[in-house]
Amino acid sequence: MAIGVLYVDDEINNLNSFKAAFRRYFEIYTASSAKEGRKILDSYEIGVIITDQRMPGMTGIEFLESILSIYPDTIRILLTGFSDINAVMDAINRGQVYKYLVKPWQNDELKMYIENALEIYNLRKENKELARKLQLANLELERLYQQKK
């Protein structure tokens with residue numbers, strides 16, 4: 001199963017444009033609210049979350065911050081139509097955002113960022129698995145050592 005890319009934006013036209021531009025390259029999921037995005041996160045393996053900043057109910061940064069402890073390895077990108085230095089700082093500090101991009105996006109540029117983000121996600125996942133295997137091997141070595149005593 002392919003690792004998904006989730007795009008959260010309250011503007012339906014943006015969701016449709018995003019899906020049309022990237023569905024040939026990635027497993028795309030879209031949500032029109034943070035609540036809907038959370039349901040998708042709970043149902044599928046999502047490697048990259050791209051969210052709009054200004055949405056009713058919950059900002060993109062608040063959404064990213066709310067899921068950080070549950071999905072710490074997911075790579076987060078904030079995409080907004082407004083260039084606001086406070087939002088940039090909040091995105092980095094609170095939401096641990098990988099990239100902050102201003103709308104309208106350039107397809108080639110955003111595709112490259114998504115590819116890079118998925119690569120980082122996969123490396124994090126692989127590192128966790130290798131660390132788990134190393135821990136098991138160390139436990140087995142300790143057990144064998146104790147048996148020889």
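First, a word on what this report is: a plain description of the structure on this page. None of the values given here were measured: they were computed from a predicted structure.

## A look at the pairing of strand E4 (residues 75–80)
Extensive coverage of E4 is indicated by the burial of six of its six residues. Of the two faces of E4, the one carrying Ile75, Ile77 and Leu79 and the one carrying Arg76, Leu78 and Thr80 are both buried. Direction of pairing for strand E3 (residues 46–52) relative to E4: parallel, over a ladder of five bridges. Residue pairing in the sheet places Val48 in a bridge with Ile75 of E4.

## Describing the pattern of salt bridges
Under the counting rule described, the total for this entry stands at eight salt bridges. A salt bridge links Asp42 to Arg38, with the nearest nitrogen and oxygen atoms 3.2 Å apart. Highlighted residues: Asp42 and Arg38, both in helix H2 (residues 34–43), separated by four residues, approximately one helical turn.

## Overview of the sheet that holds E4
As summarised here, the arrangement of the five strands in space is E2-E1-E3-E4-E5, forming an open sheet in which the pairing is parallel. Across the chains shown, the open sheet's two edge strands, defined by having one partner strand only, are strand E2 (27–31) and strand E5 (99–102). Across the sheet, the axes of successive neighbouring strands diverge by a mean angle of 20°, strand direction being ignored. Both strand E1 (residues 4–8) and E2 contribute to a ladder of five bridges, which runs parallel. When the sheet's bridge partners are listed, Gly4 is paired in E2 with Glu27. Relative to the sheet, helix H3 (residues 60–67) contacts E1, E3 and E4, its axis offset from that of E3 by approximately 155°.

Thresholds applied
Residues numbered from 1 in each chain as written. Predicted model: local features only at pLDDT ≥ 70, side-chain atom pairs only at ≥ 80, totals over all residues. Heavy atoms only, no water. Buried < 20%, exposed > 50% of the residue type's maximum accessible area, 1.4 Å probe, protein only. Helix = DSSP H or I, 4+ residues; strand = E, 2+ residues; numbered from the N terminus. Pairing = 2+ DSSP bridges. Salt bridge = Lys/Arg side-chain N within 4 Å of Asp/Glu carboxyl O. Axes fitted to C-alpha atoms, helices over the stretch in contact; angles between N-to-C directions. Contact = heavy atoms within 4.5 Å.

Worth remembering: the numbers are spatial, not functional.
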